[in-house]
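Here is what each chain is made of, one letter per residue.
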Amino acid sequence: MEVKHNPELDGPILVQGGTAMTESFFISLFLDEAFAEKPLRPADAHGRWRVLTWARFSNEVAAPAVNTLGAKKYLVPALKTRDRKAVERAIAEMPTQEQKTGWQMALDDAYTDEVLADSRRKAQIAVKKVEDALANGEFLAGERYSRADIDMYAMLAPLADLTPETLPDAPRTKAWLATLASRPAVK
């Protein structure tokens, strides 16, 4: 990935017709319009609005919680096996302060009990929101599979490993996760 296309050096990038696009959700919206024969969002305005509200919730509530829990469980132990000075040099070269701060927290194992508890609370909110939405149908934003399902699946699938206590009272969510896991695109 070149800096000229994505100065943050973070996440996916799609270059099409000389235009670089970043941010997976927005790339998927572009692909949805560019290749309309395989739609990933509802055709009606209300359904598209629901997809966007799920995207906002995913980015603002679920993703930070899952990222924190995942970093604590996987990144902290992995960084302990690395040369600290080399990791510190790599962190210093990161393009954004947010990236530097996040990696430094993992390097220092600076996740407080309060931060972890808040992340587990937000994960539980995400599970409840999905569980409630699935009471109205088998998908989150309408009658068919959409970007909302893709985004929230990515957030909830790791919870069984990261914070298993969030899923026992969510039978619709567990069934939805299993259904999505069996889709060819997920496999």
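Now for a quick tour of the structure. Just so it is clear, the model here is predicted, and its values are computed rather than measured.

## Details of the layout of surface pockets
Right, on to step 1. Empty space within the second largest pocket amounts to approximately 320 Å³.
Right, on to step 2. Lining of the second largest pocket is provided by P64, N67, T68, A71, L75, E98, T101, G102, W103, M105 and Y111.
Right, on to step 3. When contributions to the lining of the second largest pocket are tallied by element, the ones reaching two or more residues are helix 2 (45–80) and helix 4 (97–108).
Right, on to step 4. Within the lining of the second largest pocket, the residues separate by chemical class into six nonpolar, four polar and one charged.

## Looking at the nonpolar core
Right, on to step 1. Counting residues in hydrophobic clusters, the biggest one holds 42 residues, and the most contacted among them are W54, V130, L140, M152, L156, L159 and W176.
Right, on to step 2. Taken together, the elements giving at least two residues each to this core come down to helix 1 (24–34), helix 2, helix 3 (84–92), helix 4, helix 5 (113–133), helix 6 (147–156), helix 7 (159–162) and helix 8 (171–181).
Right, on to step 3. A per-element tally of this core places helix 2 first, with eleven residues.
Right, on to step 4. Once you skip the residues sitting within four places of it in the chain, L156 turns out to touch A126, V127, V130, T173, W176 and L177.

## A closer look at the packing of aromatic side chains
Right, on to step 1. Going through the model one piece at a time under the given rule, you end up with two aromatic pairs.
Right, on to step 2. Look at W54 and F57: their rings are 6.2 Å apart centre to centre, the planes differ by 90°, and that puts the pair in the edge-to-face class. Placement of both W54 and F57 in helix 2 is noted, with a separation of three residues, approximately one turn of the helix.
Right, on to step 3. Judged by relative accessible area, which is 5%, W54 ranks as buried.
Right, on to step 4. Its relative accessible area of 12% is what places F57 among the buried residues.
Right, on to step 5. Arranged with centres 6.3 Å apart and planes meeting at 70°, the rings of F139 and Y145 form a pair that is edge-to-face. Assigned by exposure class, F139 and Y145 land together as buried.
Right, on to step 6. A cation over a ring is seen here: K129 above W54, with NZ or CZ 4.9 Å from the ring centre.

## Focus on the packing of helix 2 against helix 4
Right, on to step 1. Where helix 2 contacts helix 4, the axes come no closer than 8 Å and their chain directions differ by 70°. For the element pair helix 2 / helix 4, the angle class is roughly perpendicular. The two elements helix 2 and helix 4 cross, and the hand of that crossing is right-handed. Counted together, L75, V76 and L79 of helix 2 and W103, A106 and L107 of helix 4 form the full contact between these two elements.

## Here's the deal with the side chain of T173
Right, on to step 1. Along the chain, T173 falls in helix 8.
Right, on to step 2. Ignoring any residue separated from it by four or fewer positions in sequence, one finds T173 in contact with V127, V130, E131, L134, L156 and L167.

## Regarding the pattern of salt bridges
Right, on to step 1. For the coordinates displayed, the defined rule picks out 14 salt bridges.
Right, on to step 2. Residue D108 pairs with R84 through a salt bridge whose shortest N-O separation is 2.5 Å. Note that D108 is positioned in helix 4 and R84 in helix 3, a separation of 24 residues in sequence.
Right, on to step 3. Close ionic contact of E88 with K85 constitutes a salt bridge, the shortest N to O distance being 3.9 Å. Residue E88 and its partner K85 are both found in helix 3; the two are separated by three residues, about one turn of the helix.

## Remarks on the environment of A90
Right, on to step 1. The residue A90 is located in helix 3 in this model.
Right, on to step 2. Looking at A90, the relative accessible area reads 42%, which means it is partly exposed.
Right, on to step 3. Separated by 81 residues in sequence, A90 and P171 place their C-alpha atoms 43 Å apart.

Criteria and cut-off values
Residues numbered from 1 in each chain as written. Predicted model: local features only at pLDDT ≥ 70, side-chain atom pairs only at ≥ 80, totals over all residues. Heavy atoms only, no water. 1 Å grid on protein atoms, 1.4 Å probe; cavity = no way out; pocket = protein on both sides within 12 Å on 5 of 7 lines; lining within 4 Å. Points joined across faces, edges and corners; volume = space filled by probe spheres on them. Helix = DSSP H or I, 4+ residues; strand = E, 2+ residues; numbered from the N terminus. Nonpolar A, V, L, I, M, F, W, Y, C, P; charged D, E, K, R; others polar. Core = buried A, V, L, I, M, F, W, Y, C linked by side-chain atoms within 4.5 Å. Buried < 20%, exposed > 50% of the residue type's maximum accessible area, 1.4 Å probe, protein only. Contact = heavy atoms within 4.5 Å. Phe/Tyr/Trp six-rings, centres within 6.5 Å; stacked < 30°, edge-to-face > 60°. Lys NZ or Arg CZ within 6 Å of the ring centre and 35° of its normal. Axes fitted to C-alpha atoms, helices over the stretch in contact; angles between N-to-C directions. Parallel < 35°, antiparallel > 145°, perpendicular 65-115°, else oblique. Left-handed = near helix turned anticlockwise from the far one by under 90°. Salt bridge = Lys/Arg side-chain N within 4 Å of Asp/Glu carboxyl O.

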